[in-house]
Each structure stands twice: as C-alpha cells, then as structure tokens.
Amino acid sequence: MTNSEYLFKEAVKVIPGGVNSPVRAFGSIGSTPRFIKRAEGAFIYDEDDNQYIDYIGSWGPMILGHNQKDVLEAVTEACKHGLSYGAATEVEVEMAKLVCELVPSIEMVRMVNSGTEAVMSAIRTARGYTRRDKIIKFTGCYHGHSDGLLVKAGSGVMTAGVPDSLGVPKGCTQDTLSAIYNNLDSVKEHFNRCGEEIAAIIVEPVAANMGVVPPEPGFLGGLRSICDEYGALLIFDEVITGFRLGIDGAQGYYGIKPDLTTFGKIIGGGMPVGAYGGRKEIMEVVAPLGGVYQAGTLSGNPIAMAAGLTQLTILKENPEFYKKLNDNGEWFFEEIRKIVSDAGLPYQVNHVGSIGSLFFTKEKVKDYDSAKTSDTKAFADYCNYMLKEGIYLAPAQFEAIFLSMAHSREILEQTLEVMKKYFL
Ligand SMILES: *Cc1c(COP(=O)(O)O)cnc(C)c1O
C-alpha cells in the first residue's frame, strides 16, 4: 500500500469521504487522492515522493507557481507580528487600495475568507441595494456552496430553481432563476416575465466550472444591456478569472464593466481570501455604513493579506507575465488540439488565456448541456494515465486546466509528449 493509500484509508474514517472538498476525492475518475506533501514552482510532490507537473495550482491561486519566494517571505515576516487581531490593520488598507486601482469597476471592496462568502455577500448587497429578491444564475456556473446558489434548473425555464443539494430548503432557491450560458434569450424570458423583481444576474464571465466555456461574442455585453434596461445589477464572479486573464480580470479582457465583482483564489496568494466590491454607492449599503449585514472574525487576516498583497503587487509590477502566460496558454491548448486531431478524435478544446479544457465530445461546448455530452469514462481513463505518468490534472471532466508562470515551455512540452503517448 502506498503512503497515499494508507492516508486515505485513515482519512475516510474521520473525514466525510476522506477529503475537505469533494472533488479532491478523485471519485469521478474512479481513483483515490494523492496526499500532497510539498510543492515548488510547477511541481507537486506526494507522500510517496512522486513528482507531478501540477495543472491545478490549488484550483487557480498559485498563478506565480508554488512557493514563490517573495510571497513566502511576506507571509513568514507577517507571522512574526501575530497571526490575527480581529482589528483594523494597515495591510488591509493597502490591499483595498490596490484592488481598487487594478480593477476600474471597483471603488470599494470588502475582504472575506472564501469565494463562497464573497458571492453570498455580493448577492445580499445587490438585493439590499435594489430592494429586489430574484437573481439569475446560469446552469453549469458555480458560485460556491451557499444555499441560494445550489440550484438546478426547474423543468422549463419559467419555473423557480430546485435545490441541487440535500439540506437546502426549497424557500432558499425559489428566488434563483436559471438561465442557459451563452443564451441571451433564456435571460430575456425571465426579464420579460418579472424584470422588475430581478436584483441581479450573476455570471462567470468565462465559465470554468463546467470545464472552460468562453462567452460567445455579444453575450456579456448583452447581459450588461439587459441589466441596464431593467435596473438590475450585473455581478461578475471573477473568483477564477480575476487577476488571471489579465490584471483587471475578465472585465478588462472583454471590456465589460460589471456593477459588482467577486474574487477568491488568486487574490489570496494561496491563503483563504475572498473579496467583493463595486461602485461606491452600491458598496455603501454594506454594514456598518448601510443596512446589509456582513461580517467576519478572520476577514482581512494579516497573514492572508500579506500573501495576497504580495502576489498582486508582483502581478502588477510585471505586466509581461500575463503576455507570456497567455501566449503559453494559446500555444499549449493549440498543441493539445493538434494531438487529438492527429489521433482522429473529434474532441473539443476550449480555452481562454491560461485556463482551458479538453472535452471528450464531438459537440461544440458552449453551455452546460453540450458540456454534458462528454464521455466521462474516456476522460477518466486519460486522466488516470496522465497521473501515472506524472501529470496532475483536475480529476474531473468538468474542471479547468490551470497554467502558472512557473510552467515553462519545456514543462509544457514534456506534458504534450505524455499526451501524445496516450492519444497517438
Ligand atoms: C471556486 C469558486 C467559487 C467558490 O470559492 P471557494 O473559495 O471555494 O468558496 C466561487 N465562484 C467560482 C467561479 C469559483 O470558481
């Protein structure tokens, strides 16, 4: 038995499914988790001392590569001053200023501890500001695990959302309307019916939780216009795309200004951080200024802020990083497309910049239904092969591949060689 296998055996006795977040269990590829001991650059190492090229990067945060020395130093330095005070600190002011400077749609920002919290709070803010209750979310987009967002589409677009998890009361999802990604008509139907009651549309500007699904031309702009017409707010969930597609995220990349934005993942540099922000007049409804309550004992934690601030500062000061990262992404995903095409397979490669997915389907993937046509068994076989060969991909078809600044051309080429061995 390997050390990972032993640890998993112990873990399942005391942790549900042996993991603290479900996808880590490797269940959807019929495998079990590698327990990770350490990481460096583009590599992670498991408890059996196997080395892997890591294409998860903690699901996005490690955009500079693992264990980046300046981030590490900032964190160790901050630790010496105390781990938490539950009080206002200078680093929070610096962090907020930097986020407002980097993302033009944001004039005020509040720090929280996860992407889930950021989204939950942004939605409460949108409802408080507009004094409306309904929200629209797109099937296949993930916005964390808060009650109101764990919905599956009802039968027919006109019906209210149905809870997609046990333990979520029907009442919690009755104001969540489901629409189809890349389909403006499905959004307009809701607005035609009850536009005056809709507080906000929330969207991943590049969907990355049904595999990577880019917005089609006109989709995000269309959402902007509909919101403007009805006085609803547009919320971009940039938990993945924020500070990844560029320093100003998907909103900069596509040139669309949302009213509220949520962040997570990269903003914490590997520490548990989320944030939500937007125009001043909207954010002023948040307590203690306004009537929307939201709080957090560890929010703005000095260690977490040190990590995030350092990572964002490095990204800001090295704009050529993004050029290189996105160029690498462009090249890498094109090469993958060539490999599957040379293999005579009709599979789809979707990507934007440094995130992408290989879908095991012949259908063009533009929404949840088309993503779901993927052959997940074939994906599992591929994924397990890659893992055995030292390539650590997200263990599920409907997740993204994440490149980091530490993924050199040489490392990417090694990976492509393994893919060739599998497919050709
Ligand atoms: C990961 C993710 C979340 C949830 O963030 P957590 O930090 O896991 O709570 C929300 N929205 C999107 C788009 C995400 O990818």
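Please refer to the structure higher up on the page.
Note that this is a predicted model, so its numbers are computed, not measured.

A look at the site of the ligand
Point 1. If you check the shell around the ligand, you find S114, G115, T116, Y142, H143, G144, E204, N209, D237, V239, I240 and K265 and nothing else.
Point 2. The side chain of N209 places a nitrogen or oxygen atom 3.1 Å from an oxygen atom of the ligand.
Point 3. The fraction of the free accessible surface of the ligand (380 Å²) that becomes covered by protein chains is 83%.
Point 4. Looking at the shell around the ligand, its residues break down into three nonpolar, six polar and three charged.

Here's the deal with the pairing of strand 9 (residues 198-203)
Point 1. Counting buried residues along strand 9, six of its six residues qualify, which places the element largely inside the surrounding structure.
Point 2. Here strand 5 (residues 134-138) pairs with strand 9 via four bridges, running parallel. By the bridge assignment, K134 is partnered in strand 9 with I198.
Point 3. Pairing between strand 9 and strand 10 (residues 233-237): four bridges, direction parallel. Note that in strand 10 the partner of A200 across the bridge is L233.
Point 4. In this fold, the crossover linking strand 9 to strand 10 by way of helix 7 (residues 219-230) has right-handed handedness.

Concerning the sheet that holds strand 4 (residues 108-112)
Point 1. Within the open sheet, the seven strands sit side by side as 4-12-11-10-9-5-8. Their pairing is mixed. Across the chains shown, the open sheet's two edge strands, defined by having one partner strand only, are strand 4 and strand 8 (176-179). Here the strands of the sheet are splayed against their neighbours by 20° on average, with no regard to which way each runs.
Point 2. Relative to strand 8, strand 5 runs parallel, the two sharing four bridges. By the bridge assignment, I135 is partnered in strand 8 with T176.
Point 3. Sitting on the sheet, helix 4 (residues 115-130) touches strand 4, strand 5, strand 9, strand 10, strand 11 (260-263) and strand 12 (274-278), and the angle it makes with strand 11 is about 165°.

Overview of the packing of helix 6 (residues 184-194) against helix 7
Point 1. Remark: helix 6 packs on helix 7, axes separated minimally by 10 Å, with the N-to-C direction vectors making an angle of 10°. As the angle between them shows, helix 6 and helix 7 are arranged roughly parallel. Between helix 6 and helix 7, the contacting residues are L184, V187, K188, F191 and N192 on the first element and F219, G222, L223, I226 and Y230 on the second.
Point 2. For the contact of helix 6 with helix 7, a count of residues per class yields seven nonpolar, two polar and one charged.

Side note on the side chain of K137
Point 1. By the element assignment, K137 lies in strand 5.
Point 2. Despite its burial, K137 remains without a salt bridge, the nearest opposite charge being carried by D164 at 7.3 Å.
Point 3. When near neighbours in sequence (up to four residues on either side) are disregarded, K137 contacts H143, L149, V151, T176, L177, S178, A179 and I202.

Description of the side chain of Q311
Point 1. Relative to the elements of secondary structure, Q311 occurs in helix 10 (residues 302-317).
Point 2. Discounting residues that sit within four places of it in the chain, Q311 has contacts with P61, I63, L64, V71, I266 and G269.

Regarding the sheet that holds strand 1 (residues 36-40)
Point 1. Ordered by their spatial adjacency, four strands build an open sheet running 1-2-3-15, and the pairing between neighbours is mixed. Two strands bound the open sheet, and with one partner strand each, they are strand 1 and strand 15 (391-392).
Point 2. Here strand 1 pairs with strand 2 (residues 43-46) via four bridges, running antiparallel. Residue A39 lies in a different strand from strand 2, and its bridge partner there is I44.

A closer look at the packing of aromatic side chains
Point 1. All told, the structure shown has 19 aromatic pairs when counted by the stated rule.
Point 2. Judged by centre distance (5.7 Å) and plane angle (55°), the ring pair of Y52 and Y392 falls under tilted. Residue Y52 is found in strand 3 (residues 51-54), and its partner Y392 is found in strand 15; the two are separated by 340 residues along the sequence. Per residue, the accessibility class of Y52 equals that of Y392, and both read buried.
Point 3. Here the aromatic cluster, defined as three or more aromatic residues joined through ring pairs, consists of Y347, F360, F379, Y382, Y385, Y422 and F423.
Point 4. A cation over a ring is seen here: R38 above Y45, with NZ or CZ 4.0 Å from the ring centre.
Point 5. Sitting over the face of the ring of W331, R409 holds its NZ or CZ atom 4.3 Å from the ring centroid.

Rules used throughout
Residues numbered from 1 in each chain as written. Predicted model: local features only at pLDDT ≥ 70, side-chain atom pairs only at ≥ 80, totals over all residues. Heavy atoms only, no water. Near = heavy atom within 4 Å. Polar contact = N/O pair within 3.5 Å; in protein donor to acceptor, adjacent residues only side chain to side chain. Areas by Shrake-Rupley, 256 points an atom, 1.4 Å probe, with all protein chains shown as cover. Nonpolar A, V, L, I, M, F, W, Y, C, P; charged D, E, K, R; others polar. Buried < 20%, exposed > 50% of the residue type's maximum accessible area, 1.4 Å probe, protein only. Helix = DSSP H or I, 4+ residues; strand = E, 2+ residues; numbered from the N terminus. Pairing = 2+ DSSP bridges. Right-handed = clockwise from strand over helix to strand, strands pointing away. Axes fitted to C-alpha atoms, helices over the stretch in contact; angles between N-to-C directions. Contact = heavy atoms within 4.5 Å. Parallel < 35°, antiparallel > 145°, perpendicular 65-115°, else oblique. Lys, Arg positive; Asp, Glu negative; His and termini not counted. Salt bridge = Lys/Arg side-chain N within 4 Å of Asp/Glu carboxyl O. Phe/Tyr/Trp six-rings, centres within 6.5 Å; stacked < 30°, edge-to-face > 60°. Lys NZ or Arg CZ within 6 Å of the ring centre and 35° of its normal.

Limitation: the analysis is restricted to geometry and does not speak to function.
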